[in-house]
Amino acid sequence: MPTIRAIADALGAVAEGDLDLQVTRAAEPAMAGPDDLALAMDLKYADGFATGHARAALLWPGADWQALGLQAAIFAPRGRLAMAGLTRMLDAGPQIAPGVHAMALVDPSAVIGEGAAIGPFVSIGAGVRIGARARIASHVSVAEGAVIGDDALILQGARIGARVVLGDRIIVQPGAVIGADGFSFVTPEKSGVEQIRETLGQRDHIAAQSWTRIHSLGSVTIGDDVEIGANACIDRGTIRDTVIGHGTKLDNLVHVGHNVQVGRDCLLCGQVGIAGSARIGDRVVLGGQVGVSDNIFVGDDVIAGGATKIMTNAPAGRVLLGYPAVRMETHVEMQKALRRLPRLAATVAALQKAVSKTGESD
Amino acid sequence: MPTIRAIADALGAVAEGDLDLQVTRAAEPAMAGPDDLALAMDLKYADGFATGHARAALLWPGADWQALGLQAAIFAPRGRLAMAGLTRMLDAGPQIAPGVHAMALVDPSAVIGEGAAIGPFVSIGAGVRIGARARIASHVSVAEGAVIGDDALILQGARIGARVVLGDRIIVQPGAVIGADGFSFVTPEKSGVEQIRETLGQRDHIAAQSWTRIHSLGSVTIGDDVEIGANACIDRGTIRDTVIGHGTKLDNLVHVGHNVQVGRDCLLCGQVGIAGSARIGDRVVLGGQVGVSDNIFVGDDVIAGGATKIMTNAPAGRVLLGYPAVRMETHVEMQKALRRLPRLAATVAALQKAVSKTGESD
Amino acid sequence: MPTIRAIADALGAVAEGDLDLQVTRAAEPAMAGPDDLALAMDLKYADGFATGHARAALLWPGADWQALGLQAAIFAPRGRLAMAGLTRMLDAGPQIAPGVHAMALVDPSAVIGEGAAIGPFVSIGAGVRIGARARIASHVSVAEGAVIGDDALILQGARIGARVVLGDRIIVQPGAVIGADGFSFVTPEKSGVEQIRETLGQRDHIAAQSWTRIHSLGSVTIGDDVEIGANACIDRGTIRDTVIGHGTKLDNLVHVGHNVQVGRDCLLCGQVGIAGSARIGDRVVLGGQVGVSDNIFVGDDVIAGGATKIMTNAPAGRVLLGYPAVRMETHVEMQKALRRLPRLAATVAALQKAVSKTGESD
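Residues numbered from 1 in each chain as written. Chains lettered and ligands numbered in written order. Predicted model: local features only at pLDDT ≥ 70, side-chain atom pairs only at ≥ 80, totals over all residues. Heavy atoms only, no water.

All names here are of chain A. Among the structural elements, Asp-224 can be located in the loop between strand E22 (220-222) and strand E23 (227-228). The class for Asp-224 is partly exposed, based on a relative accessible area of 22%. Distance in space between the C-alpha atoms of Asp-224 and Ile-170 is 6.0 Å, their sequence separation being 54 residues. In contact with Asp-224, not counting residues within four places along its chain, are Gly-167, Asp-168, Arg-169, His-246 and Gly-247. One polar contact links the side chain of Asp-224 to the main-chain amide nitrogen of Asp-168, over a distance of 2.8 Å. (Helix = DSSP H or I, 4+ residues; strand = E, 2+ residues; numbered from the N terminus. Buried < 20%, exposed > 50% of the residue type's maximum accessible area, 1.4 Å probe, protein only. Contact = heavy atoms within 4.5 Å. Polar contact = N/O pair within 3.5 Å; in protein donor to acceptor, adjacent residues only side chain to side chain.)

Below you can see the structure in the form of structure tokens.
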């Protein structure tokens, strides 16, 4: 049970009142009991204190904590940053017993780092290296030759493919698949898709075609401090590896195709899809359900709003929205004009009538 | 082998002919053998009887069953409702042997309800409570402190996170992940995304940023009679729980972000994505691939067509379509106008010419 | 270590230089060591030879291999096709030990084909039949009555449901779920969705509704030479089976609803969603994130660009783009016109002014 003083120190924040008060967990003001730390980083959450029983709270700067009936308060100038520190302090993390569980299968040639914890029904293949203090939850498979960094956390049922390399402090959420084969097929003759890419929609003739598989000889390399969401999929490269840079975070159900290169410190939100061989720069933020076409380039610091479909190269720093993606301002303008379009059509019809009359009267 | 009489009674439907005839399974008319119950809830399926060998059928109201060569018939005034009753009767369900399989790992502190069935390679954590008659298929993991209701059905490889609470009669399809960590990150300084949300696309300058994790201390609470689709993901809340109300159904690959509140009796179709902290009312129907932005509100009884992207609050009862979402009628009008737009532009060009001529001739 | 001669023979390609040179793996020219076969199917990749150390390469037709400093070269008239042959030769495939692993559970009534390999923590249900030389990786579940063809490859944690039938040479990537229950629910009274489908958006009144489940009695039948992507989901049919034809390939996170019929030799790219009872013809190519509405028909040889939402029947051979889907040419035209729309509106306003002036001056 940390004290208010300890929490404030850890957050580098100012605290007032009874700094020796201890709290057990965080809670919303209305739900907080006397041993909870209530969280109200904005005035709009202040109402909850009337119904809750908190004695201490993490508050917006300048809050009158005594008027809220509190005995102690911590002040957070940047609320969500304080949340990061606080939730980290209070997160017990998943229960994975230290050592290798009796019901885990570890190939004799695998090297398990000091202090690693490996749960039940885990399968670790030949030549695998697991970093120090790594934690691997139940039902995970780590295929031959894979390397997992120090302090990694691989959660339930995640699939780590052959020769995949994962950095230090990586977090892989349940069910994620890293290192499935790429989706790469070719037809003996030029396929309809190749024809259309050249002609933008015209096809000379349509011939039956069936698909021959291009195998994936590459693997996946992921940097340090990366997080991969639940049931997300990252395919292996064809010859070289698919790469995810340091500090990048992928949300649930994100799809990263073969040969894709994602830079550092990116955010790829839920259900984003990146087609094969696309390159994504550093600090790129893609909202939920964004799509990126194959073989294109998305520059550093690009931000794309939810469901944007990026179908051509995007220069660095561009802010995008829409299908197909355009600058966010352009999208807003286009949508406004589109909403007025039925009225515009009526205006043109009236004009046409007026002009034809004028013409007649000439 | 139920008789026609028994089936008609169970469906509350009228039957005619040899009510003692027995059937083993349901089939389409053309594929039906003599022991099958042919299903033809609409006249358009009647052709199949010519090639099939059914002796009994579930038919549209008023069908001339004798002319179809049948010996017995059940009449369903609302065909799909009859299908619900019939398929329920004939569904044997998954084979999961009663009791705890010898190859399942159950923490000694877990409480398993009477009549529960737990399959092989299942892992049940400390303090878990499993309801009476619950069935848990192979490879499922249930983490510490989770609670699963009576008559629950948790299918192969589903992941139930720590302290998740699932209601009675819940069905979780294979591979679903309930209780992964939320996707919540903050930068020490104001991030590009925060800047753009304020300015709608303008950025003063671009600074390097890296992401600090906000841990998820909350969990997930799901009501009774809910169904969660295969490989769907529901993230835990930051402080409070993510909540799914009674009777709500989620299809495959649906993504529900942290802190989301979904009401009762909703339908979330395949690949729907709901971003963090969104609130969804009761009886909301979201078609396939619909997206809902973070922190917004979707009112009761909203219906959104396939691939609608809801980016602002939607009032109760609204019917939506499009990206960004607008009323369905508006969308239809806008699309019509858009299809005529090239012609409209030509008309305007002609008008411009005519007017400039008129001007000249003045 | 194959020789250049052996590789050229296998690819049916012409080779020059020291045909007895042996190579161990494929590499990009810049990364290639002296024992690697460098791949440069296009002149634009030639630069890499300056920094790499390859002695042999697979090159574009007409390349001057001696000028590139090579001792041997193979020429590929159709590069990606050569890649298919070459990667197939060099792919060692996943390590799954022959026979049934001691930690696999196989029901005594299951029949395992000759030469099959079954990994650890695999569960095989009653009456299952596994083909000759099939390989099943760790953590896979195969439910009762399923049939898996010869030379199948089922990867880690895939879920094969009851009575599912998979063809010969099928590849199922990790985490795929074949045979979850369909998403099919009905309300006792006509639901809001049914009403809207009839009226295109109008609703008389809104009544509370809750959902009754239609169980899935059908299963899934998949042809030969099919590939199913990681975490993809294919639901079982209601009465008849959901069907995927021979040679069709599904990418990661694809969703195929109940009763769907997909033809032969189709490509369904990442995150495609096909709603219940839709029918897809042969050789159809759907780009990433494409959606297909329920109960519609997509004809043979249709190609849909990324994120196309197909909401009505699409005739054979049609090339589609957009939401809602239109012909690709129409989409390009509409988008051009839309981008010019703000300017068009200004022109109309100016015209209106001019005409009203002309009118006045009459």
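Our focus in this paragraph is the interface of chain B and chain A. Listed per partner, the contact involves 78 residues of chain B and 73 residues of chain A. Contact with chain A buries area across many residues of chain B, yet Phe183(B), Trp211(B) and Tyr323(B) alone supply 12% of it, more than any other trio. For the interface between chain B and chain A, the tally reads 3 salt bridges. Measuring nitrogen to oxygen at the nearest pair gives 2.8 Å for the salt bridge that ties Glu194(B) to Arg78(A). Put simply, chain B and chain A have 27 residue pairs in polar contact (both at pLDDT 80 or more) between them. If one sorts the elements of the side of chain B that touches chain A by residue count, helix H5 (residues 341-361) of chain B sits on top with 9 residues. (Buried area = accessible area lost by both parts, 1.4 Å probe. Salt bridge = Lys/Arg side-chain N within 4 Å of Asp/Glu carboxyl O.)

Okay, the packing of aromatic side chains next. Within this structure, the stated rule accounts for 6 aromatic pairs over all chains. Summarising the aromatic geometry, the rings of Phe183(B) and Phe185(B) are spaced 5.1 Å apart at their centres and angled 75 degrees between planes, so their arrangement reads as edge-to-face. In textbook terms, an aromatic cluster arises when at least three aromatic residues are bridged by ring pairs, as seen for Phe121(A), Phe121(B) and Phe121(C). (Phe/Tyr/Trp six-rings, centres within 6.5 Å; stacked < 30°, edge-to-face > 60°.)

Moving on to the interface of chain C and chain A. Facing 73 residues of chain C, the contacting portion of chain A comprises 78 residues. A buried area of about 5900 Å², summed over both sides, lies between chain C and chain A, and 66% of it is on carbon and sulfur atoms. At the boundary of chain C with chain A, the tally comes to 3 salt bridges. Applying the counting criterion to the chain C and chain A interface returns 28 residue pairs in polar contact (both at pLDDT 80 or more). The set of elements that each furnish at least two residues to the side of chain C that touches chain A consists of strand E2 (25-27), helix H2 (79-90), strand E26 (249-250), strand E29 (267-268), strand E37 (319-321), helix H4 (328-339) and helix H5 (341-361) of chain C. Looking at which element gives the most residues to the side of chain C that touches chain A, the answer is H5(C), with 9 residues. Classifying every residue of the side of chain C that touches chain A by side-chain character gives 35 nonpolar, 23 polar and 15 charged. (Nonpolar A, V, L, I, M, F, W, Y, C, P; charged D, E, K, R; others polar.)

Here we come to the pattern of salt bridges. For the structure shown, the criterion picks out 33 salt bridges over all chains. For Arg133(B), the salt bridge identified is with Asp151(B), shortest N-O distance 2.8 Å. Highlighted residues: Arg133(B) in the loop between strand E11 (129-130) and strand E12 (135-136) and Asp151(B) in the loop between strand E14 (147-148) and strand E15 (153-154), separated in sequence by 18 residues. Look at Arg133(B) and you get partly exposed, because its relative accessible area is 44%. If you follow the salt bridges from partner to partner, you end up with Asp181(A), Arg213(A) and Glu227(C) in one network.

Moving on, we get to the relation of the copies chain B and chain A. Rotating chain B by 120 degrees and translating it 0.0 Å along the rotation axis places it on chain A, where the RMSD comes to 0.1 Å. Between the two chains, the operation in question is that of a three-fold axis. (Least-squares fit on C-alpha atoms with pLDDT ≥ 70 in both.)

Let's shift gears to the sheet that holds strand E14 (residues 147-148) of chain C. Residue and element names in this part refer to chain C. The strand order across the open sheet formed by 9 strands is E8-E11-E14-E17-E22-E25-E28-E31-E34, and the pairing between neighbours is parallel. For this open sheet the edge positions go to strand E8 (111-112) and strand E34 (297-298), each flanked by a neighbour on one side alone. Strand direction decides the pairing type here: E14 and strand E17 (residues 165-166), joined by 2 bridges, are parallel. From the neighbouring strand, Val-147 faces E17, where its bridge partner is Val-165. (Pairing = 2+ DSSP bridges.)

Summarising the element assignment, His331(A) is placed in helix H4 (residues 328-339). Setting aside chain neighbours within four positions, we find His331(A) in contact with Leu321(A), Gly322(A), Val326(A) and Pro324(B).

Okay, the sheet that holds strand E22 (residues 220-222) of chain B next. The strands making up a sheet associate through backbone hydrogen bonding, with each pair oriented either parallel or antiparallel. Residue and element names in this part refer to chain B. Sheet architecture is open: 9 strands sit in the order E8-E11-E14-E17-E22-E25-E28-E31-E34, paired in parallel fashion. Looking at strand neighbours, the two that pair on one side only are strand E8 (111-112) and strand E34 (297-298), the edges of this open sheet. Bridge analysis of E22 against strand E25 (residues 242-244) gives 3 bridges, and the strand direction is parallel. Within the sheet, the bridge partner assigned to Val-220 lies in E25 and is Thr-242.

It is worth spelling out the pairing of strand E5 (residues 72-75) of chain C at this point. Residue and element names in this part refer to chain C. Taking every second residue as pointing to the same face, both faces of E5 are buried, with Ala-72 and Ile-74 on one and Ala-73 and Phe-75 on the other. For strand E1 (residues 14-17) and E5, the ladder comprises 4 bridges, and the chain directions are antiparallel. In the sheet register, Ala-15 faces E5, and the bridge partner there is Ile-74. When strand E4 (residues 56-59) meets E5, the two strands line up parallel, connected through 4 bridges. Each residue of the ladder has a partner; that of Ala-57, found in E5, is Ala-73.

Take the packing of helix H1 (residues 4-11) of chain C against H2(C) next. All names here are of chain C. Between H1 and H2, the shortest axis-to-axis distance is 9 Å and the interhelical angle comes to 125 degrees. By the angle between their axes, H1 is oblique relative to H2. Seen from above, H1 lies across H2 with right-handed handedness. Only Ala-82, Gly-85, Leu-86 and Met-89 of H2 make contact with H1, whose side of the interface consists of Ala-6, Ile-7, Ala-10 and Leu-11. Split into classes, the residues belonging to the contact of H1 with H2 amount to 7 nonpolar, 1 polar and no charged. (Axes fitted to C-alpha atoms, helices over the stretch in contact; angles between N-to-C directions. Parallel < 35°, antiparallel > 145°, perpendicular 65-115°, else oblique. Left-handed = near helix turned anticlockwise from the far one by under 90°.)

Time to look at the UniProt feature "active site" (unreviewed entry) in chain A. All names here are of chain A. Here the UniProt feature "active site" (unreviewed entry) sits at His-258. By secondary structure assignment, the location of His-258 is in the loop between strand E27 (255-256) and strand E28 (261-262). Not counting residues within four places of it along the chain, the set of residues in contact with His-258 comprises Gly-182, Phe-183, Ser-184, Asp-235, Arg-236, Gly-237, Thr-238, Thr-242, Gly-276 and Ser-277. (UniProt positions renumbered as here; feature names shortened; annotations may be inferred.)

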